[in-house]
Amino acid sequence: MTDSHQPAPPRPTSRDVARAAGVSQATVSLVLGGKWPGRVSEATAQRVRECAAELGYRPNLAARSLRLGRTRTALLVVPALTNEFFARVYTGAAAVAAEHDFGVVLYPSPDGTGPARDPFASARAALDGVIASSMASDALSALHGAELPLVMLDSDPAGTDAAAHVNLDIADGMRQVTDHLLGLGHRRFVHLASAVDTWTFAVRAQALREAVGAVPDAEMRTVRAPLDVRAGREATEQALAVAGERPTAIVCDDDILAAGACKAARRLGLRVPDDLSVTGFDDLALATAVEPELTTVQLPAEQVGERGMAALLAVLEGRPAEPGGLPVSLVVRGSTAPPPAASRA
């Protein structure tokens, strides 16, 4: 006796067709949308049509018309535009989009990291594809089922849902920070880590752990804080209040946390960098607004947006996206110096 209440099998998607035919989703879109001549071989087009028929695939007509570039609009999903980094990502994406007569619609998450309102409530049939930051990945739940090409920014390259990835060399940035501090003579570190659980912060933590761990007499403790100045200050105050030898350097996951660390040092009567070195990450405007100015890692945010939009255009046209990560660079300013003489003794 069969169970009449068994759930219906999931509807086949263009990704299933692409996998069966051994082609990209963009190729499936071109073939089933009748835009393949001159771009895809007759044999490939026939294989895609046969796989679609065997799977019983029925394209989402609204989404298909958009994927083929009829509205020339991309959705950029970011945590929040209150963070300058993502505003600069948008600037870069919009510049490349404008060169190709595309528009970019912003979809910021209101609380910075979690789900936002469904963007399709007013624009369900007005998108060609999605560019999304890994820090706003929860917000992508609203997009499931739309079958739009997805380009992920600053995310795990092993992720399978994206048609392309655009990453910064985050691990190298953290290695540059650590090498700088170790070279100055620091051996006692605190990692002021972001409380946001994403790939980019996990990579920073691992790179820092490995770099410090490679030096026999170096040690590190980790404290976590939400990404705001007050939380960074409170976490640093607690870290510095722990009994035992005081750390001589605080390595922060971003400039906002670093600003909080500098405030904590001041409140405790410590001088940056004479008593305590502090480093940031991102090189936001904040990095040069604090005193002393922050030693930090400069991230090419606009290039991230440019590369993300270029990758989406490549996917839509059935071309491979440009490979490789974007390099980052350490900017040494006034917040780092050799540790106090007593610590070097």
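Above this text sits the structure in question.
Residues numbered from 1 in each chain as written. Predicted model: local features only at pLDDT ≥ 70, side-chain atom pairs only at ≥ 80, totals over all residues. Heavy atoms only, no water.

Remarks on empty space enclosed by the protein
It is the rolling of a water-molecule-sized probe over the atoms that shows where space remains empty. Stated precisely, the cut-off is as follows: Lining residues are defined by having an atom within 4 Å of a point belonging to a cavity or pocket. Those points lie on a 1 Å grid over the protein atoms alone, cavities being sets where a 1.4 Å probe fits but cannot get out and pockets being open sets with protein on both sides within 12 Å along at least five of seven lines. Grid points are joined across faces, edges and corners, and a volume is the space filled by probe spheres set on the points. Only DSSP runs of H or I covering at least 4 residues are called helices, and only runs of E covering at least 2 are called strands; the numbering of each starts at the N terminus. Each residue is assigned to one of three groups, with Ala, Val, Leu, Ile, Met, Phe, Trp, Tyr, Cys and Pro labelled nonpolar, Asp, Glu, Lys and Arg labelled charged, and all others, Gly among them, labelled polar.
Taken as a whole and assessed by the stated rule, the structure comprises 2 cavities of 30 Å³ or more. Roughly 190 Å³ of internal volume is contained in the largest cavity. F85, F86, M135, D154 and R204 are the residues nearest the centre of the largest cavity, which is lined by 19 residues in total. Broken down by secondary-structure element, the contributors of at least two residues to the lining of the largest cavity are α5 (84–99) and α8 (199–213). For the lining of the largest cavity, the residue count by class is 11 nonpolar, 4 polar and 4 charged.

Remarks on the sheet that holds strand β7 (residues 219–225)
Going by this rule: Here, any two strands with at least 2 DSSP bridges between them count as paired. An axis is simply a line fitted to the C-alpha atoms; with a helix, the fit covers only the stretch in contact. Between two such axes, the angle follows the N-to-C directions and lies from 0 to 180 degrees.
A sheet is described by the order of its strands in space; here 4 strands give the open sequence β7-β6-β8-β9, paired in parallel fashion. The open sheet has two free edges, formed respectively by β7 and β9 (277–279), since each of these has just one partner strand. When the angles between neighbouring strand axes are averaged without regard to direction, this sheet yields 20 degrees. By the bridge criterion, 3 bridges tie strand β8 (residues 249–252) to β9 in an arrangement that is parallel. Paired with A249 across the bridge in β9 is S277.

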